[in-house]
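Take a look at the letters that make up each chain.
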Amino acid sequence: MTGSSLAIRQRSLGDPSIEFPLSPPLTRGCPRTSTDQIAYPVEVVYDYARLDKGLFDQAPGPDIGRWSPLLPPLEAPTLGEGGTPLLEFDGIYLKDESQNPTWSHKDRLNRVAISAALAEGAPGVVVASSGNHGASTAAYAARAGLPAIVLASAQSPAGVQAFVRAYGAQVYSVPVDERWPLLREIVDRLGYHPISNQTVTHTGHPYGPEGYKTIAYELFLQLGRVPAVVFAPTGYAELLFGTWKGFTELRLLGLAEATPRMFSCEPAAGGPNARALAEGTPAAIVELGASEAYGIAGSVGGHRGVLAVRDSGGEAVLVTDEEMRAAQRDLARQGVWQELSGAAGLAGYRKLRRDFDGPVVCIGTSSGFKDMGVGEEVFPVRAGLTVADLAP
């Protein structure tokens, strides 16, 4: 028995001295530090003094409920998220999040965020997403018995849209610039709980990144220590921040002496996290060019990613689609098919061409089934084929 949640309040990431009650989740960021130009997220604070450190004597496995004392209250049933494999490739490690129930890391976030919707008595949930997040939200909402509305982009892969619809969600393809105003209207008029961002720079769901902390806990147990560095595919940087926070908790609890350096890996077509770090700003909005890594290609950044990279002594790495494709191809040839976005971590590590003093972990976020164009290619039927026709 792991015990009940030790979560006690929310705290502003714009000014950590500003605190709020644990409920309701501040899904529009910190109301006291945010401005018309920058929205600051909040995070969850725990009563660490009451934690039984024997929690980390267990082996990692499915159901992040095994870490419930260090998560917000989990009201939603599990689909078996977490406990993903750590695979070694050419002297580095890949944390393969494609092994989650809906084949992406988003399942860790949604177990926590859908729990918040249930705890608040929401009549349903709404998310603006063209891929992994929408599918995961739909699945966990269905498991919890909540209606879900998914606002998708018309440009998202047809296979992914079918994936989302399979869970019974209401899926609407709308122009990108209309998705977030519509989402806010659904929240305000229908009372649906938002599982994605509503602010000028990204704040997202305040509880969501807490689910990603469990990646850090698992890596600590799988490696027998904390890694030297972690390379994470980065869009809004919730994964980056949550993983970083998990490692900082391990140090706070006296279980680890150090924390890894965190590297954000973004498409070179955008890179708002890299821009904010380079300019020394809390967050940035950039012009987005063309990229097939639609899962992480975005123009809007958030303060979480800046904190994770800056406070860990890490760096921001921009990778091209070609660099991600090379990493994706090499992983597939070793038995792991990642989405193009999911290969950004390995692409970032390779781009730096640098040695590190300790284990290197690249997070692979999602299955290659989610990519653009998958399933559309037609392959010829070869009648009368013989062994003599086969290439060596």
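Attention here is on the structure that accompanies the text. (Residues numbered from 1 in each chain as written. Predicted model: local features only at pLDDT ≥ 70, side-chain atom pairs only at ≥ 80, totals over all residues. Heavy atoms only, no water.)

A word on the sheet that holds strand E8 (residues 170–173)
- One open sheet holds the four strands; their spatial order is E8-E7-E6-E9, and the pairing between them is parallel. Because the sheet does not close on itself, it has two edges, and the strands there are E8 and strand E9 (193–194).
- Sheet topology note: the strand E7 (residues 148–152)/E8 ladder contains four bridges and is parallel. When the bridges of E8 are listed, valine 150 appears paired with valine 171.
- Strands strand E6 (125–128), E7 and E9 of the sheet are contacted by helix H4 (residues 176–190), whose axis makes an angle of about 170° with E6. (Pairing = 2+ DSSP bridges. Helix = DSSP H or I, 4+ residues; strand = E, 2+ residues; numbered from the N terminus. Contact = heavy atoms within 4.5 Å. Axes fitted to C-alpha atoms, helices over the stretch in contact; angles between N-to-C directions.)

A closer look at the state of the cysteines
- Evaluated as defined, the whole model comprises zero disulfides.
- Cysteine cysteine 362 is unpaired, with the sulfur of cysteine 265 as its nearest cysteine sulfur at 7.3 Å.
- Residue class for cysteine 362 comes out buried when judged on its relative accessible area of 1%. (Disulfide = S-S within 2.5 Å. Buried < 20%, exposed > 50% of the residue type's maximum accessible area, 1.4 Å probe, protein only.)

Some points on the sheet that holds strand E11 (residues 261–267)
- Read across the sheet, six strands follow the order E4-E5-E13-E10-E11-E12 without closing on themselves; strand pairing throughout is mixed. Every interior strand has two partners, whereas the edge strands, strand E4 (86–89) and strand E12 (315–319), have only one. Pairwise comparison of adjacent strand axes, ignoring direction, gives a mean angle of 25° for this sheet.
- By the bridge criterion, five bridges tie strand E10 (residues 229–233) to E11 in an arrangement that is parallel. Looking across to E11, one finds that valine 230 is bridged to methionine 262.
- Helix H7 (residues 272–279) rests against E11 and E12 of the sheet, and its axis sits at about 125° to E11.

Let's talk about helix H3 (residues 158–165)
- Among the residues of H3, Val160, Gln161, Phe163 and Val164 are the ones counted as buried. Burial along H3 is one-sided: seen end-on, the buried residues are contained in an arc of 155°. Turned more than 90 degrees away from the buried face of H3 sit Ala158 and Gly159, all of them exposed.
- Looking at the packing, one finds that the buried side of H3 touches helix H2 (132–144), E7 and E8. (Arc of directions from axis to C-beta.)

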